[in-house]
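Chain by chain, the residues:
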Amino acid sequence: MHKPVTPKDAAAMILLRQPQDPRVFWVRRSLKLSFMAGYHAFPGGQRDAEDFQVRVLNCADSEAAARAACAVRELFEETGVLVARGVERLSVEQRMALRRELSERRISFGALLERENLVLDYQLLTPAPRWVTPPFAPRRYNTWFFAAWLPEGQECAIIPGELESGEWIRPREALKRWQDGECLIATPILHVMQALAEGVTGFAERMERVSQEERDEHLRIELRQGFFTCPLRTPTLPPATHTNCYIVGGEELVVIDPASPYEEEQLKLDKLIASLRAEGRHVREIIVTHLHADHIGGVQHLAATFSLPVAAHRLTAEALSGQLRVERLIEDEEVITLGGAPGWRLRALWTPGHARGHLCFYEERTGTLITGDLIAGIGTIVIAPPEGNMLDYLASLRRLLSLPRLTALFPAHGPALIDARGKIEEYIAHRLEREAQIIRALTNGARTIPEIVKAVYTDVPEAMHQLAAQSVLAHLEKLTSEGRLHPAEFRLITRSLQL
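All figures in this text were calculated on a predicted structure; none of them were measured in a lab.

The rules we used
Residues numbered from 1 in each chain as written. Predicted model: local features only at pLDDT ≥ 70, side-chain atom pairs only at ≥ 80, totals over all residues. Heavy atoms only, no water. Phe/Tyr/Trp six-rings, centres within 6.5 Å; stacked < 30°, edge-to-face > 60°. Lys NZ or Arg CZ within 6 Å of the ring centre and 35° of its normal. Helix = DSSP H or I, 4+ residues; strand = E, 2+ residues; numbered from the N terminus. Expected span 1.5 Å × (residues − 1). Buried < 20%, exposed > 50% of the residue type's maximum accessible area, 1.4 Å probe, protein only. Polar contact = N/O pair within 3.5 Å; in protein donor to acceptor, adjacent residues only side chain to side chain. Pairing = 2+ DSSP bridges. Core = buried A, V, L, I, M, F, W, Y, C linked by side-chain atoms within 4.5 Å. Contact = heavy atoms within 4.5 Å. Axes fitted to C-alpha atoms, helices over the stretch in contact; angles between N-to-C directions. Parallel < 35°, antiparallel > 145°, perpendicular 65-115°, else oblique. Left-handed = near helix turned anticlockwise from the far one by under 90°. Salt bridge = Lys/Arg side-chain N within 4 Å of Asp/Glu carboxyl O.

Engineer: If you had to explain the packing of aromatic side chains to someone new, which residues and values would you point to?
Structural biologist: Counted by the stated rule, this structure contains 5 aromatic pairs. Pairwise contacts between aromatic rings join Phe227, Tyr246 and Phe410 into one cluster. Positioned over the ring face of tryptophan 144 is arginine 67, at 3.7 Å from the centre of the ring. The ring centre of tyrosine 262 lies 4.3 Å from the NZ or CZ of arginine 233, which sits over that ring.

In structure tokens, the structure reads:
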């Protein structure tokens, strides 16, 4: 059983300005970050022990005061805006100097406030509902949200680093960007923007429309308009623990990879689909990206529960014959049009390599690609012959680069990836580097696959060497098919392999 990571306490600030035509300040996280890289979010971060030492007026609850102090401190560190009583006495230059002093850890936030005769006041903040990162995430936060108005005479200034940029935006404009595939935002940010789009007054109360159950169980994660994901615990390869099931569409929906064989996970997906059907939506069919067990474990249950047909590539249907009934075959370049506004067109891409019948799905309007197991958001992709083929795999990756617009990758394992082309190019470069390392190992005298693995996969735990051996075999097959390794040498090297 997967043991969830304990969430760390954090706080974030919803900074507002222009009450008559409200704007909210959001930031874009750096693509280099390991958590939510490239996402748009609000200034915020993890709570420090020192936050409990900060004096907060009009707040008798020490926990609430520490959360508020964290939100104000993070806002100051990340944007230079300081929400505090007495700050109007400071010039822009003085605030900048204090920000540098704090960021360089030359003084604590509480000591800085006391020295400058500044005081935090809870009445300057509007508490909003908290959100906890889902249990399946490798890094989790228990984040408390606060809202505040931009103090007169102050402005935001992002110092590039963990944050790439920041801007003021009308909430409806932010939602339009999200709908058009121009940005990725986490569920809490989406609900804040939706609540603010109805007006600033009472927006925190409107956020309570999202039930505590939904916030705790994460029943409805909408990565993009009409792209729902339900990560399900599956018997997959570590470090992954879950497989992402995607539900795509508006009035008409398709379910891609209902993956889990576990009853409690199947019921979680049932509950999400039932809630979508209760809104008047129609689920058309189940689609399977490929044949592996961590992608098809819940297909029969879901098909029986909601009387849904199953669709897959011909090669997948043939491989699963007798195990799973596939009613419809999906061809390469077939377009699946789903009804509802603004409309969704999923173009099926036959992308063999990880599996012979593997399919990806490209949504043309938003530039979103559901990658199946062609690319992962966590861990690596195993190419295991005879089902896996390295030559096909690299060709499939290169095919993705020819797509006219790629704004995000939605993989089967791990988080969504916003630097789509960069990730694809990284995958290709990594495989070619492994290939070069294998050739060097052969040149240096390695003559069995275990010897090659030992020479090449020095960065991989020994427990994973059996999987690495499969990738080596796939590379050797590729080199042989390209005439770069003699068939007799291939037979000699692979003779000792025990898979």
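Engineer: Tell me about helix α1 (residues 62-79), residues and numbers included.
Structural biologist: With 18 residues, α1 should cover 26 Å at 1.5 Å per step; its first-to-last C-alpha distance of 25 Å lies within 8% of that length. In terms of residue burial, α1 counts as a mostly covered element, since 16 of its 18 residues are buried. At the N-terminal boundary of α1, the capping side chain belongs to aspartate 61, with an oxygen 2.9 Å from the backbone nitrogen of glutamate 63.

Engineer: Can you explain the sheet that holds strand β16 (residues 328-329)? Please cite residues and give values.
Structural biologist: Taken in spatial order, the 7 strands line up as β10-β11-β12-β13-β14-β15-β16 in an open sheet, and their pairing is mixed. If you trace the sheet from one side to the other, it starts and ends with β10 (221-224) and β16, each paired once. Where strand β11 (residues 227-233) lies against strand β12 (residues 242-249), 7 bridges are found, and the strand directions are antiparallel. Bridging across to β12, cysteine 230 finds its partner in cysteine 245.

Engineer: I'd love a proper account of the nonpolar core, names of residues and values included.
Structural biologist: Core analysis: the largest hydrophobic core is formed by 39 residues, its most contacted members being Met13, Leu15, Val56, Leu82, Phe109, Leu120 and Leu125. Counting residues per element, the ones that place at least two in this core are β1 (8-17), β2 (23-29), α1, α2 (92-103), α3 (109-115), β8 (141-149) and β9 (163-169). No other element matches α1, which puts 9 residues into this core. Look past the residues within four positions of leucine 125 in its chain and what remains in contact with it is Met13, Ala68, Val72, Val83, Phe146, Ala147 and Ala148.

Engineer: So what about the packing of helix α13 (residues 420-443) against helix α14 (residues 449-456)? Which residues, and what values?
Structural biologist: At a closest axis distance of 9 Å, the pairing of α13 and α14 adopts a crossing angle of 120 degrees. With respect to α14, the axis of α13 lies oblique. Relative to α14, the crossing made by α13 is right-handed. In contact with Arg434, Gln437, Ile438, Ala441 and Leu442 of α13, α14 contributes Ile452, Ala455 and Val456.

Engineer: Now, about the sheet that holds strand β18 (residues 344-350): what can you tell me, with residues and values included?
Structural biologist: As summarised here, the arrangement of the 5 strands in space is β17-β18-β19-β20-β21, forming an open sheet in which the pairing is mixed. Of all strands in the sheet, those bounded by a partner on one side alone are β17 (335-338) and β21 (408-411). Neighbour-to-neighbour, the strand axes of this sheet turn through a mean angle of 25 degrees, independent of strand direction. Pairing of β17 with β18, which is carried by 4 bridges, proceeds in the antiparallel orientation. The partner of valine 335 across the bridge, within β18, is arginine 347.

Engineer: Describe the pairing of β10, naming the residues involved and giving the relevant values.
Structural biologist: Both β10 and β11 contribute to a ladder of 3 bridges, which runs antiparallel. Looking at β11, one finds that isoleucine 221 is bridged to threonine 229. Turn length for the β10-β11 hairpin, with the two strands adjacent in sequence and antiparallel, is 2 residues, and the turn residue glycine 226 shows positive phi of about 80 degrees.

Engineer: How would you summarise the pattern of salt bridges if you had to cite specific residues and measurements?
Structural biologist: What the rule picks out here adds up to 41 salt bridges. In this structure, arginine 106 engages glutamate 104 in a salt bridge whose closest nitrogen and oxygen atoms are separated by 2.7 Å. Judged by its relative accessible area of 52%, arginine 106 is exposed. Through salt bridges with shared partners, a single network forms among Asp48, Asp51, Arg73, Glu74, Glu77 and Arg105.

Engineer: Which residues make up unusual backbone geometry, and what values do they have?
Structural biologist: Of note, the amide linkage connecting proline 238 to proline 239 takes the cis form, showing an omega dihedral of 10 degrees. Structurally, the position occupied by proline 239 is in the loop between β11 and β12. Backbone torsion omega between proline 385 and proline 386 reads 5 degrees, so that peptide bond is classified as cis. Relative to the elements of secondary structure, proline 386 occurs in the loop between β20 (368-372) and α12 (390-401). A positive phi angle is found at serine 307, which is not glycine, with a value near 55 degrees. Inspection of the secondary structure puts serine 307 in the loop between α10 (299-306) and β15 (310-312).

Engineer: Please provide a residue-by-residue account of the pairing of strand β13 (residues 252-256), values included.
Structural biologist: Judged by how many residues are buried, β13 sits mostly within the fold: 4 of 5 residues are covered. Here β12 pairs with β13 via 4 bridges, running antiparallel. Along β13, the bridge assignment pairs isoleucine 247 with valine 255. Remark: 2 residues form the turn of the hairpin made by β12 and β13, two consecutive strands paired antiparallel. Here β13 pairs with strand β14 (residues 282-287) via 5 bridges, running parallel. In the sheet register, valine 255 faces β14, and the bridge partner there is isoleucine 286.

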